[in-house]
Amino acid sequence: MLRLVLPKGSLERATMQLFEDADLAVSRGSDVDYRGTIDDPRVVDVRILRPQEIPRYVADGMFDVGITGRDWIEERNADVVTLTELHYSKATARPIRVVLAVAADAPAESVGDLPDGLVVHTEYPELTRRYFAKHGVQADVQLSYGATEAKVPEIADAVVEITETGRALRAAGLRILDTVLVSYTELIASPAAHADPEKRKAMEQLQSLLTGALEARGRVLLKLNVDGADLDGVIALLPALKSPTVSKLFGEDGFAVETVVAKSEINTLIPELLDHGANGIIELPISKIVP
């Protein structure tokens with residue numbers, strides 16, 4: 001039913017892992033194969049292409065659904081439907097930022113301090129031109145084919161580049177002057193396909209699986225027993241996704257408690273729970289959390 005296009009390159013490994021976690025694993029002949037399959041009746045075709053191209057292909061209806069970054073949607077000025085943000089990127093759950101950077105010793109403190117005619121290198125020429133036009137600065141924007149941060153100051157006066165942490169830019173002797181765009185990975189759809197009720201329902205189902213897998217990351221299910229006298233004290237310790245589930249134990253003056261907690265808190269939480277009367281504690285992994 002759905003023709004799907006996924007990003008090749010820096011997002012590729014993280015995207016494939018997300019689809020596997022969502023029980024939508026992509027099968028390919030090799031890691032360099034541009035075609036794949038998903039054992040799911042809702043997906044009839046899978047392609048793996050550069051994220052820069054995906055917004056245009058989806059907007060034109062060549063694919064029904066795709067994954068790409070907000071940065072490339074804005075750069076291509078693509079008419080697509082955003083189904084949801086997917087909070088993952090190459091290495092973290094943080095968004096990338098498209099930033100304006102200059103040499104660390106440059107006198108400018110804001111974009112308004114930059115002179116007309118400055119040379120700016122970037123992989124986002126259209127986004128960058130719109131940005132400088134908005135701020136009333138006449139810039140000579142030139143397309144960069146990579147190693148953009150290495151071009152200041154000999155080749156360019158400034159760059160517009162992506163970063164997650166800013167570390168690479170600082171290592172190159174640059175200073176971030178402004179954030180042009182905050183970009184999350186997005187699940188997008190062709191407007192024509194989204195207007196089809198049957199395809200839209202399939203899209204929503206895939207979306208639920210993907211967001212459920214992301215929501216479960218870093219969380220575990222905690223199950224425990226506790227005597228009635230200690231219940232309130234134990235409940236007060238639990239940082240629940242929602243209110244904990246509490247059930248009366250059959251034939252005993254005690255309760256079974258279930259809740260979802262962050263995996264990072266388990267090492268301190270379990271000893272505290274034991275100190276407050278909890279027993280029979282079980283920690284279980286979670287594949288998905290679907291509201």
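Figured I'd write up the structure that's included with this text. (Residues numbered from 1 in each chain as written. Predicted model: local features only at pLDDT ≥ 70, side-chain atom pairs only at ≥ 80, totals over all residues. Heavy atoms only, no water.)

### A short note on the pairing of strand 13 (residues 219–227)
Here strand 13 shows a buried face lined by Val-220, Leu-222, Leu-224 and Val-226 and an unburied face lined by Arg-219, Leu-221, Lys-223, Asn-225 and Asp-227. In the sheet, strand 13 pairs with strand 15 (residues 254–262) via nine bridges, with the strands oriented antiparallel. Note on strand 15: the bridge partner recorded for Arg-219 is Ala-262. Sheet topology note: the strand 13/strand 16 (residues 278–285) ladder contains six bridges and is antiparallel. Looking at strand 16, one finds that Val-226 is bridged to Ala-278. (Buried < 20%, exposed > 50% of the residue type's maximum accessible area, 1.4 Å probe, protein only. Helix = DSSP H or I, 4+ residues; strand = E, 2+ residues; numbered from the N terminus. Pairing = 2+ DSSP bridges.)

### Some thoughts on the pattern of salt bridges
For the coordinates displayed, the defined rule picks out 15 salt bridges. Here Asp-21 and Arg-217 are joined by a salt bridge, their closest N and O atoms 3.2 Å apart. A residue pair is termed long-range when its members are at least 10 positions apart, and Asp-21 in helix 1 (residues 12–21) and Arg-217 in the loop between helix 7 (197–216) and strand 13 qualify at 196 residues. Judged by its relative accessible area of 26%, Asp-21 falls in the partly exposed class. Judged by relative accessible area, which is 37%, Arg-217 ranks as partly exposed. For Asp-23, the salt bridge is made with Lys-288, and the minimal N-O distance between the two is 2.3 Å. On the criterion of sequence distance, the pair formed by Asp-23 in the loop between helix 1 and strand 2 (26–27) and Lys-288 in the segment after strand 16 is long-range, its members being 265 residues apart. Under the relative-accessibility criterion, Asp-23 is labelled exposed at 58%. Its relative accessible area of 24% is what places Lys-288 among the partly exposed residues. Each member of the salt-bridge network shares a partner with another, and the members are Arg-3, Asp-64 and Lys-199. (Salt bridge = Lys/Arg side-chain N within 4 Å of Asp/Glu carboxyl O.)

### Quick word on the environment of Leu-174
Along the polypeptide, Leu-174 turns up in strand 11 (residues 174–183). Along the chain, Leu-174 and Ala-150 lie 24 residues apart, while their C-alpha atoms are 9.2 Å from each other. If near-sequence neighbours (up to four positions away) are discounted, Leu-174 is found in contact with Ala-101, Val-102, Ala-103, Ala-104, Glu-149, Val-152, Val-159 and Leu-169. (Contact = heavy atoms within 4.5 Å.)

### Structural notes on the sheet that holds strand 16
Strand pairing within a sheet occurs via backbone hydrogen bonds; the two strands may be parallel or antiparallel. With antiparallel pairing, four strands are arranged side by side in an open sheet as 14-15-13-16. The sheet is open, and its two borders are formed by strand 14 (245–248) and strand 16, each paired with just one other strand. Going across the sheet, the axis of each strand differs from the next one's by a mean of 20 degrees, ignoring polarity. Packed on one face of the sheet, helix 9 (residues 266–275) meets strand 13, strand 15 and strand 16 and runs near 160 degrees to strand 16. (Axes fitted to C-alpha atoms, helices over the stretch in contact; angles between N-to-C directions.)

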